[in-house]
Amino acid sequence: HYIQGRYIEGLSDGNRILSARAALELLRHYWPAGVGFGDVFTAMQQWYAANAPWMPRAEMLYPANQWLQYALGAGVAGAAVVTVAVLWPFFQKQWPLNYYVFHALCVFTMLYENSLGQQYGVFLYGFFIWYFAATLQHTHSSKQA
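Counting restarts for each chain: residues are numbered from 1 in the order of the written sequence. Note on the predicted model: pLDDT of at least 70 is required for a residue's local features to be given, and 80 or more for side-chain atom pairs to be given and counted; whole-chain, interface and lining totals, by contrast, use all residues. Side-chain metrics rest on all non-hydrogen atoms present in the structure, leaving aside hydrogens and water.

### Examining the overall build of the protein
Every helix listed is a DSSP run of H or I at least four residues long, and every strand listed is a run of E at least two residues long, numbered separately from the N terminus. The number of helices and strands found in the protein is five helices and zero strands. From first element to last, N terminus to C terminus, the protein shows the α and β order α-α-α-α-α. Contacts in the protein between residues at least 24 apart in sequence constitute 59% of all its contacts with a sequence separation of at least 6. Each accessible area is a Shrake-Rupley result for a 1.4 Å probe, and residues are judged covered by the shown protein chains and nothing else. Approximately 9100 Å² of the protein is accessible, and the part contributed by carbon and sulfur atoms is 65%. Note on definitions: a residue-residue contact is assigned when non-hydrogen atoms from the two residues lie within 4.5 Å.

### Notes on the confidence of the model for the protein
Averaged over every residue, the pLDDT of the protein is 79; residues scoring 70 or more account for 80%. Values of pLDDT, the confidence the predictor places in each residue, fall between 0 and 100. At the low end of the mean pLDDT range in the protein sits helix 5 (residues 119-144), at 69; at the high end sits helix 2 (residues 40-51), at 91.

### Remarks on helix 4 (residues 97-110)
An α-helix turns once per 3.6 residues; consequently, residues spaced three or four apart project the same way. For helix 4, built from 14 residues, the straight-helix expectation of 20 Å at 1.5 Å per residue is met to within 8% by its first-to-last C-alpha distance of 20 Å. Accessibility here uses a 1.4 Å probe with only protein chains present; expressed as a share of the type maximum, an area under 20% marks a residue as buried, one over 50% as exposed, and anything in between as partly exposed. Among the residues of helix 4, Tyr99, Tyr100, Phe102, His103, Cys106, Val107 and Met110 are the ones counted as buried. Across the axial projection of helix 4, the buried residues extend over an arc of 160 degrees, all falling on one side. With respect to the buried face of helix 4, the exposed residues turned more than 90 degrees away are Leu97, Leu105 and Phe108. To estimate the expected span of a helix, count its residues, drop one, and scale the result by 1.5 Å. Along the arc lie the directions from the helix axis toward the C-beta atoms.

### Observations concerning a nonpolar patch on the surface
Together, Phe123, Leu124, Phe127, Phe128, Trp130 and Tyr131 line one region of the surface with nonpolar side chains, adding up to about 600 Å² of accessible area. Along the chain, Phe128 turns up in helix 5. Only residues whose relative accessible area exceeds 30% and that form no salt bridge enter a patch; like-charged residues are grouped when within 9 Å of one another, and nonpolar side chains (Val, Leu, Ile, Met, Phe, Trp, Tyr) when within 5 Å. Salt bridges, as used here, are contacts in which a Lys or Arg side-chain nitrogen is within 4 Å of a carboxyl oxygen on Asp or Glu.

This is the structure:
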């Protein structure tokens with residue numbers, strides 16, 4: 001279903017493909033500045049009304065991809081900022097391996113979920129980033145003593 005982009009009520013594979021198609025189609029028109037974060041939902045709803053009117057409203061997703069969410073909200077600049085923010089930790093050499101593994105898993109989920117657009121996702125991501133940073137500081141201060 002995912003590969004073919006088929007929508008089946010109750011399963012999220014088709015919804016995710018449709019949300020990506022909707023976002024990409026909207027980005028063709030609004031790529032320089034996006035539609036604005038406050039208007040993403042409205043723009044997506046309008047796309048669904050025109051292109052998938054049979055889909056139940058409760059299953060109409062925001063863009064199910066972190067990059068598409070930010071690109072649709074803020075255009076090219078939004079996509080660039082989220083790309084830099086997401087890739088930056090991979091270029092830090094002082095962090096332990098478990099941090100890179102955690103971050104790689106987070107980045108992977110951002111490909112099919114816009115987890116930073118929800119309070120729960122922001123909290124979990126922020127908490128573990130803080131935890132790894134605090135652990136790293138404690139490890140460095142212990143080695144120096």
